[in-house]
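Structural characterization, general
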Amino acid sequence: MPRFHCPTPLHTGLSLSLPAGAARHVQVLRTQPGDVITLFNGEGGEFDATVTRMGRSDVDVEVGAHRAVEREAARAVHLLVGITANERMDWLVEKATELGVASITPLVAERSVLKLKGERADKKLAHWQGVAVAAAEQCGRNRVPTVHAAVTLKEWLVRAEAGERWVLSLSESTQALSAMAGSAPVTVLSGPEGGLSPSEEASALAAGFVPVTLGPRVLRAETAPLAVLAVCSA
């Protein structure tokens with residue numbers, strides 16, 4: 001059954017017009033009045049909904065039964081990840097959502113190729129959040145991970161709350177990720193192409209990040225954080 005994110009209050013018996021993005025998607029699928037779709041608004045569970053009218057640019061539905069279904073990972077992993085170049089960041093956001101990431105904060109690192117400011121940063125943030133929405137619709141998640149505004153590591157450390165923290169590191173003093181058992185939420189710091197600079201890694205360690213390794217191979221910037229999510233999900 002097609003699934004659509006509908007970020008509005010939902011309840012059984014409600015009649016409403018779908019948001020523009022969801023309406024376009026429904027029309028592309030050539031859905032007809034009487035067809036049943038699934039809606040979720042990120043507040044928990046999902047709803048059946050019956051299409052009641054197909055307009056040129058709008059779609060009306062009647063919300064049906066609610067199902068208290070959750071498909072979230074057992075451990076909340078928050079990625080603080082160096083912005084990668086070109087379309088690799090899109091791919092990272094998409095796959096991280098599929099693997100159950102709780103949130104993503106793009107990191108403007110010293111070695112980041114892509115630097116974001118002003119209007120360009122706002123457009124990229126909206127785009128990445130849209131990628132997360134589409135991935136949640138596809139994979140069955142009923143909660144969409146938040147993609148936060150891009151920050152430097154210094155900015156993040158100033159406002160960050162206490163909690164478990166890991167930094168992916170190639171230094172010799174690292175611990176194996178497979179040994180980092182637990183269920184508490186964790187923030188994972190991963191660098192861009194070329195990794196974190198020595199000063200950035202030193203700042204992270206001073207702020208309580210534990211250096212961890214994924215093994216002897218050097219993974220790409222968009223691969224390493226996904227490997228962490230896969231291990232934590234398993």
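Described in the following lines is the structure provided in the data block.

Let us now look at the packing of aromatic side chains. One pass over the full model with this rule turns up 1 aromatic pair. With a centroid separation of 5.8 Å and 50 degrees between ring planes, the pair formed by Trp156 and Phe209 is classed as tilted. Here Phe209 lies in the loop between helix H5 (198-206) and strand S12 (210-213) and Trp156 lies in helix H4 (residues 153-159), a separation of 53 residues in the sequence.

This part covers the pattern of salt bridges. Tallied over the entire structure, the rule returns 15 salt bridges. A salt bridge links Arg67 to Asp48; the shortest N-O distance between them is 2.4 Å. Of this pair, Arg67 sits in strand S5 (residues 59-67) while Asp48 is found in strand S4 (residues 46-54), placing the two residues 19 residues apart along the sequence. Look at Asp48 and you get partly exposed, because its relative accessible area is 22%.

This next bit is on the sheet that holds strand S11 (residues 186-190). Across the sheet, 7 strands lie side by side as S8-S7-S6-S11-S9-S12-S10; this open sheet has parallel pairing. In this open sheet, the two edge strands, each paired with only one partner strand, are strand S8 (146-147) and strand S10 (175-176). Of the pairings in the sheet, the one linking strand S9 (residues 164-168) to S11 comprises 4 bridges and is parallel in character. Counted as the bridge partner of Arg165 is Thr187 from S11. Contacts between helix H2 (residues 88-98) and the sheet are confined to strand S6 (77-82), strand S7 (103-107) and S8, with S6 contributing the most and set at about 175 degrees to the helix.

We now examine the packing of H2 against helix H3 (residues 118-139). Contact geometry for H2 and H3: axes closest at 8 Å, N-to-C directions at 35 degrees. In this structure, the crossing between H2 and H3 has a hand that is right-handed. Of the residues in H3, those touching H2 at Met89, Asp90, Val93, Glu94, Thr97 and Glu98 are His127, Trp128, Val131, Ala132, Ala135, Ala136, Gln138 and Cys139. Its residues placed into classes, the contact of H2 with H3 shows 8 nonpolar, 3 polar and 3 charged.

In this section: H5. Of all the residues in H5, the buried ones are Glu200, Glu201 and Ala204. One side of H5 carries all its buried residues, which in axial view fall inside an arc of 95 degrees. The exposed set on the far side of H5, more than 90 degrees from its buried face, consists of Pro198 and Ala206. Considering only its buried residues, H5 is in contact with H4 and S11.

Within the largest apolar cluster, 34 residues are counted, with the highest numbers of intra-cluster contacts made by Leu79, Ala96, Trp166 and Val188. Elements represented by at least two residues in this core include exactly S6, H2, H3, S9, S11 and helix H6 (224-233). If near-sequence neighbours (up to four positions away) are discounted, Trp166 is found in contact with Arg75, Leu177, Met180, Val186, Thr187, Val188, Leu189, Phe209, Val210, Val212, Val228 and Cys232. Counting 17 residues, the second largest nonpolar core, distinct from the first, contains Leu10, Leu18, Ile37 and Leu39.

What counts and what doesn't
Residues numbered from 1 in each chain as written. Predicted model: local features only at pLDDT ≥ 70, side-chain atom pairs only at ≥ 80, totals over all residues. Heavy atoms only, no water. Phe/Tyr/Trp six-rings, centres within 6.5 Å; stacked < 30°, edge-to-face > 60°. Helix = DSSP H or I, 4+ residues; strand = E, 2+ residues; numbered from the N terminus. Salt bridge = Lys/Arg side-chain N within 4 Å of Asp/Glu carboxyl O. Buried < 20%, exposed > 50% of the residue type's maximum accessible area, 1.4 Å probe, protein only. Pairing = 2+ DSSP bridges. Contact = heavy atoms within 4.5 Å. Axes fitted to C-alpha atoms, helices over the stretch in contact; angles between N-to-C directions. Left-handed = near helix turned anticlockwise from the far one by under 90°. Nonpolar A, V, L, I, M, F, W, Y, C, P; charged D, E, K, R; others polar. Arc of directions from axis to C-beta. Core = buried A, V, L, I, M, F, W, Y, C linked by side-chain atoms within 4.5 Å.

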